[in-house]
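# Examining the three-dimensional arrangement
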Amino acid sequence: DAGLPRAALAALAALLGAAAAPACLAAARAALLGTPMAFYPRPLLWAALAWAPAALGAMLRAFEGVAPRDGLRGVAAVLAALSAAIALVGGQSSYVAAVPSLAAQAAALLCAPKSRTAPLEARHVIGALFALMSAPTLVNGATFLVTVQFMGEKLGMAGSPPPVVPAWLSLPDVGHAAVSGLAVALTFLCAAPVAAAALISPRWAARALACFAVFTAAALTLHTGGKPYDADLAPKRLILAHVHGLGGVDHAPVFAMAGLDSSPLAAVLAETDANSPLLAPASAPFNSPLKGKEWLSIYPVNDLLFDTLVFPNAPPHAAAQSVAFRVVSVSNTTTPGRSRFELEHTAHVPLFMGVLVQGPLAAWSLGDELHPEKDGLDTWSGKMPYFAARHCGGKGRGGETFRFWVEREAGHGSEPLRIVAAGASAAPGEENPVLEAAVAGLPAWTAAVPITVYHHELLL
């Protein structure tokens with residue numbers, strides 16, 4: 001059949017265009033305004049009013065001039081191939097392509113006029129659209145509503161990108177738009193050939209949908225004022241840490257702030273109360289110059305934090321003096337040339353701990369094997385190989401005392417074994433008036449997780 005290859009190419013172009021058109025629109029919006037995540041916390045609203053029209057317009061344009069029956073057969077072939085590919089790689093969601101593929105094939109049988117060039121009759125259009133819309137909408141509609149909502153929430157926690165990433169390459173915007181476009185395509189792609197044939201001018205319909213998508217994206221952005229947060233529905237999520245002992249016990253405490261999404265912190269500072277301890281004259285913020293170790297206590301979530309701020313010279317918390325990290329004992333092991341150090345971290349409240357070890361580590365009690373890490377995006381280990389572990393010692397699980405041992409190899413000259421332990425506590429486990437005052441000064445549309453962090457470092 002000479003028309004089938006062209007129709008299959010049109011179906012493939014429609015599928016790819018349905019993802020690319022919303023993604024390009026999202027990238028353009030992010031580049032123009034420099035504000036990522038405009039859709040959050042309203043992913044379904046953006047998917048319905050901006051990304052869906054862009055995807056539909058791309059599909060209609062792809063099927064311009066393609067006979068409806070050929071177009072349906074092309075859609076069936078492409079979606080069948082996609083379903084098979086998903087199944088081959090072990091995916092359990094191949095049905096999202098198999099169902100519309102079967103619907104398109106069924107509609108192709110109904111949409112068969114006496115002549116290939118004869119116009120569609122009303123009964124053909126009604127029968128084909130019913131077959132096309134019923135099964136895919138019933139099966140895929142609910143699935144993709146949940147998927148788009150879920151992806152919006154998860155992309156909202158994807159973390160801020162590294163500074164080298166350009167504004168237009170906003171993962172939340174582009175990712176959410178592409179996923180929404182694919183959801184629209186896999187639900188309505190099989191209706192596109194019939195709709196394109198039924199319209200007087202598919203090209204102008206596609207342009208109208210594209211204009212509507214651009215207009216809606218602009219209107220939604222203006223409606224939110226570039227601030228996509230809501231004090232009650234979905235505030236901007238922050239971590240605000242009151243960090244003690246960073247750089248040594250004699251150093252003044254600092255405040256550290258990080259956002260759990262990709263929206264910059266500049267907007268938060270612009271609306272922070274002028275009397276907040278964060279904005280004291282001696283506490284001018286700067287971008288994480290201490291290699292990000294202020295976030296060691298929440299390892300490995302710190303891998304998601306790039307747009308962080310440090311506020312120096314914070315007032316101290318009186319309870320910081322009661323936290324200690326010490327060597328309990330040193331002994332030789334049965335392995336020649338090794339020394340074992342028994343370590344103990346004690347606190348007045350249960351702490352969630354992060355431990356960073358760098359140097360000639362031979363063994364430790366925090367794991368059976370040693371696998372040094374050197375993450376290219378890491379900002380807190382000094383770009384040096386390290387070993388890290390997490391201890392979730394919450395209330396009722398011995399969080400006040402944390403004991404472990406490490407072994408180091410002899411014969412490494414003067415290279416020290418550096419161990420940094422960082423413990424974090426939060427209310428109601430520990431009350432910190434200084435931190436509470438800093439949280440109270442934040443904008444109303446933010447929701448900060450306040451933690452008090454205690455840093456200690458040993459050289460063995």
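Our subject is the structure that appears above.
We now turn to the structure provided with this report. Since we're looking at a predicted model, the values are computed, not measured.

Across the interface, helix α1 (residues 3-33) lies against helix α2 (residues 43-62) with an axial gap of 8 Å and an inter-helix angle of 140°. As far as their axial angle goes, α2 and α1 are oblique. α2 is crossed by α1, and the crossing has right-handed handedness. Side by side, α1 and α2 meet where Ala10, Ala13, Ala14, Gly17, Ala18, Ala21, Pro22, Leu25, Ala26 and Arg29 of the first sit next to Trp46, Ala50, Trp51, Ala54, Ala55, Ala58, Met59 and Ala62 of the second. A breakdown of the residues in the contact of α1 with α2 according to their chemical character gives 16 nonpolar, 1 polar and 1 charged.

Let us look at the sheet that holds strand β7 (residues 361-364). Strand pairing in a sheet relies on backbone hydrogen bonds. The paired strands run either parallel or antiparallel. Reading across from one edge, β4-β5-β9-β7 is the order of the 4 strands in this open sheet, with antiparallel pairing throughout. Two strands bound the open sheet, and with one partner strand each, they are β4 (324-332) and β7. Pairs of neighbouring strands in the sheet enclose a mean axial angle of 25°, with direction left out of account.

Here helix α3 (residues 68-88) spans 30 Å end to end across 21 residues, near enough to the 30 Å set by a 1.5 Å rise per residue. Backbone geometry just after α3 places glycine 90 at a positive phi near 90°.

Our focus in this paragraph is the pattern of salt bridges. Under the counting rule described, the total for this entry stands at 8 salt bridges. A salt bridge links arginine 203 to glutamate 64; the shortest N-O distance between them is 3.5 Å. Of this pair, arginine 203 sits in helix α8 (residues 202-224) while glutamate 64 sits in the loop between α2 and α3; the two residues are 139 residues apart in sequence, bridging distant segments of the chain. Take arginine 203: its relative accessible area is 33%, and that puts it in the partly exposed class.

Take the packing of α2 against helix α6 (residues 171-188) next. The N-to-C vectors of α2 and α6 enclose an angle of 60°; their axes lie 8 Å apart at closest approach. As the angle between them shows, α2 and α6 are arranged oblique. Two packed elements cross with a definite hand, and for α2 against α6 that hand is right-handed. Across the interface between the two elements, Pro43, Ala47, Trp51, Ala52, Ala55, Leu56 and Met59 from α2 touch His176, Ala177, Ser180, Gly181, Val184, Ala185 and Phe188 from α6. Its residues assigned to classes, the contact of α2 with α6 comprises 11 nonpolar, 3 polar and no charged.

Rules and cut-offs
Residues numbered from 1 in each chain as written. Predicted model: local features only at pLDDT ≥ 70, side-chain atom pairs only at ≥ 80, totals over all residues. Heavy atoms only, no water. Axes fitted to C-alpha atoms, helices over the stretch in contact; angles between N-to-C directions. Helix = DSSP H or I, 4+ residues; strand = E, 2+ residues; numbered from the N terminus. Parallel < 35°, antiparallel > 145°, perpendicular 65-115°, else oblique. Left-handed = near helix turned anticlockwise from the far one by under 90°. Contact = heavy atoms within 4.5 Å. Nonpolar A, V, L, I, M, F, W, Y, C, P; charged D, E, K, R; others polar. Pairing = 2+ DSSP bridges. Expected span 1.5 Å × (residues − 1). Salt bridge = Lys/Arg side-chain N within 4 Å of Asp/Glu carboxyl O. Buried < 20%, exposed > 50% of the residue type's maximum accessible area, 1.4 Å probe, protein only.

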